[in-house]
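Residues per chain are reported as follows:
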Amino acid sequence: MVYLAGLVGLVLILTAEARVGNSSESRFCTESKECLLYDLVCKNDDYEVRHYDSVKWVSTDEEAYFMDKATYTAFRRLFNYITGSNKAGVNIDMTAPVTVKVEEKKWGSSVFTLSFLLPSTHQMTPPQPTDDKVYFTEMPDMKVYVRGYGGWMMSLTSSVNSMLLKRQLDKVQATYNKDYHYAVGYDSPKKILNRHNEVWYIVEGEPVCPTSS
């Protein structure tokens, strides 16, 4: 039984490392040791479909009228967590990407959820937060529609690119979760050139990925 438990634990660790892998395996992660990896399902000129395995993140919520204001406050909170403000008092490596869950809301303030990907060494048992506004989330096994863009991830650029992706998905009658999307950033503020950001919508049903005309 002890041997079997150890074997199961080893499998779980190897699985976590497969989902959160070396940044050299991704062309988008240029500043961190580890990155969220994926399988490409299909791709055309307008968007691509990816499959992500279930993985653990550290998250926090912030309510604001604009994503920029919410992410500024939320980022500091999570940065404190990975730089020692946790019950173990340990530093945790920064990974990529950083995601922001954005509600599809027309008017008023929204709750934005900012998440840092936990590195492979902390996927199973991450240090507990000392801030009660910081918590862990488990991203489910999922497929996502993805549109990439350069420059800076801000409220305006994220909104424009989410609108463009939705337009393409609606054009091909794709089904996806319309309650929220993810704004995804791969680069630190120190990086000026060749920045990469994305918008994700979660696939519902079978993904649609026709060849672009």
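All values derive from a computational prediction rather than experimental measurement.

Novice: What's the story with the state of the cysteines in this structure? I'm lost.
Specialist: A covalent bond between the sulfur atoms of two cysteines is referred to as a disulfide. For the coordinates displayed, the defined rule picks out one disulfide. What pairs with Cys29 in a disulfide is Cys35, and their sulfur atoms sit 1.8 Å apart. Summarising the burial analysis for this pair, Cys29 and Cys35 share the class buried.

Novice: Where do I start with the pairing of strand E3 (residues 39-43) in this structure?
Specialist: Every regular strand shows the same layout, with side chains that alternate between the two sheet faces. Across four bridges, the pairing between E3 and strand E4 (residues 48-52) is antiparallel. Within E4, the residue paired with Cys42 across the bridge is Val49. Taking the residues between adjacent antiparallel strands as the criterion, E3 and E4 are bridged by four residues.

Novice: Sorry if this is basic, but what is going on with the pattern of salt bridges here?
Specialist: Oppositely charged side chains are able to pair whenever their charged atoms sit close together. Here the structure, examined in full by the defined rule, presents eight salt bridges. Across the salt bridge formed by Glu104 and Lys166, the nearest N and O atoms sit 3.1 Å from each other. Taken together, the residues Glu104 in the loop between strand E6 (98-103) and strand E7 (110-117) and Lys166 in helix H3 (residues 155-171) connect sequence positions 62 residues apart. Classification of Lys166 as partly exposed rests on a relative accessible area of 25%. Linking Asp187 and Lys191 is a salt bridge whose minimum nitrogen-to-oxygen distance equals 3.4 Å. Classification of Asp187 by relative accessible area gives buried; the value is 14%. For Lys191, a relative accessible area of 17% puts it in the buried group. Connected through shared salt-bridge partners, Lys43, Glu48, Arg50 and Glu198 make up one network.

Novice: Please explain the packing of aromatic side chains as it appears in this structure.
Specialist: Aromatic ring pairs: the centre-centre distance and the angle between the two ring planes describe each pair. Under the criterion given, the structure shown has 10 aromatic pairs. Seen from their ring centres, Phe75 and Phe79 are 6.2 Å apart, and the 15° between their planes marks the pair as stacked. Here Phe79 and Phe75 lie together in helix H2 (residues 67-82), a separation of four residues that amounts to about one turn. A residue is classified by how much of its surface remains accessible, and Phe79, at 31% relative accessible area, is partly exposed. An aromatic cluster is built from Tyr38, Tyr52, Tyr180, Tyr182 and Trp200, whose rings are joined through pairwise contacts. The side chain of Lys101 reaches across the aromatic face of Tyr180, ending 4.1 Å from its centre.

Novice: Mind showing me how you'd approach the side chain of Arg77 here?
Specialist: Mapped onto the elements of the fold, Arg77 is located in helix H2. The class for Arg77 is buried, based on a relative accessible area of 11%. Reaching out from Arg77, the side chain makes a polar contact with the side chain of Glu62 at a distance of 2.8 Å. Sequence-distant contacts of Arg77, that is, excluding residues within four places in its chain, are made with Thr60, Asp61, Glu62, Asp131, Lys133 and Val134.

Novice: Looking at this model, I keep getting lost on the environment of Tyr182. Mind explaining?
Specialist: Within the fold, Tyr182 resides in strand E10 (residues 180-185). Each C-alpha atom, one on Tyr182 and one on Thr113, is 9.3 Å from the other, the two residues being 69 residues apart in sequence. Sequence-distant contacts of Tyr182, defined by excluding residues within four places in its chain, comprise Thr99, Val100, Lys101, Glu198, Val199, Trp200 and Ile202.

Novice: I tried to follow the nonpolar core on my own but got confused; where do I start?
Specialist: Soluble globular proteins: nonpolar side chains tend toward being buried together. Leu36, Val55, Val144, Tyr186 and Trp200 are the most contacted members of the largest nonpolar core, which totals 20 residues. Sorting the residues of this core by element identifies strand E2 (34-36), strand E5 (55-64), strand E9 (142-149), E10 and strand E11 (197-202) as the ones contributing at least two each. Excluding its chain neighbours within four sequence positions, the residues that come into contact with Leu36 are Arg19, Tyr52, Val55, Trp57, Ala96, Pro97, Leu117 and Trp200.

Novice: Sorry, what's going on with the sheet that holds E3 here?
Specialist: Picture the strands of a sheet paired through backbone hydrogen bonds; they go either parallel or antiparallel. The strand order across the open sheet built from nine strands is E3-E4-E9-E11-E10-E6-E7-E5-E8, with neighbouring strands paired in antiparallel fashion. Two strands close off the open sheet at either side, each with one partner strand: E3 and strand E8 (134-139). On average, adjacent strands in this sheet sit at an angle of 30° to one another, irrespective of strand direction. Across the sheet, H2 is in contact with E5, E6, E7, E8 and E10; its angle to E5 comes to roughly 135°. Its contacts with the sheet place H3 against E9, E10 and E11, and it is angled at close to 120° to E9.

Reading the values: the criteria
Residues numbered from 1 in each chain as written. Predicted model: local features only at pLDDT ≥ 70, side-chain atom pairs only at ≥ 80, totals over all residues. Heavy atoms only, no water. Disulfide = S-S within 2.5 Å. Buried < 20%, exposed > 50% of the residue type's maximum accessible area, 1.4 Å probe, protein only. Pairing = 2+ DSSP bridges. Helix = DSSP H or I, 4+ residues; strand = E, 2+ residues; numbered from the N terminus. Salt bridge = Lys/Arg side-chain N within 4 Å of Asp/Glu carboxyl O. Phe/Tyr/Trp six-rings, centres within 6.5 Å; stacked < 30°, edge-to-face > 60°. Lys NZ or Arg CZ within 6 Å of the ring centre and 35° of its normal. Polar contact = N/O pair within 3.5 Å; in protein donor to acceptor, adjacent residues only side chain to side chain. Contact = heavy atoms within 4.5 Å. Core = buried A, V, L, I, M, F, W, Y, C linked by side-chain atoms within 4.5 Å. Axes fitted to C-alpha atoms, helices over the stretch in contact; angles between N-to-C directions.

That is the geometry; function is a separate question.
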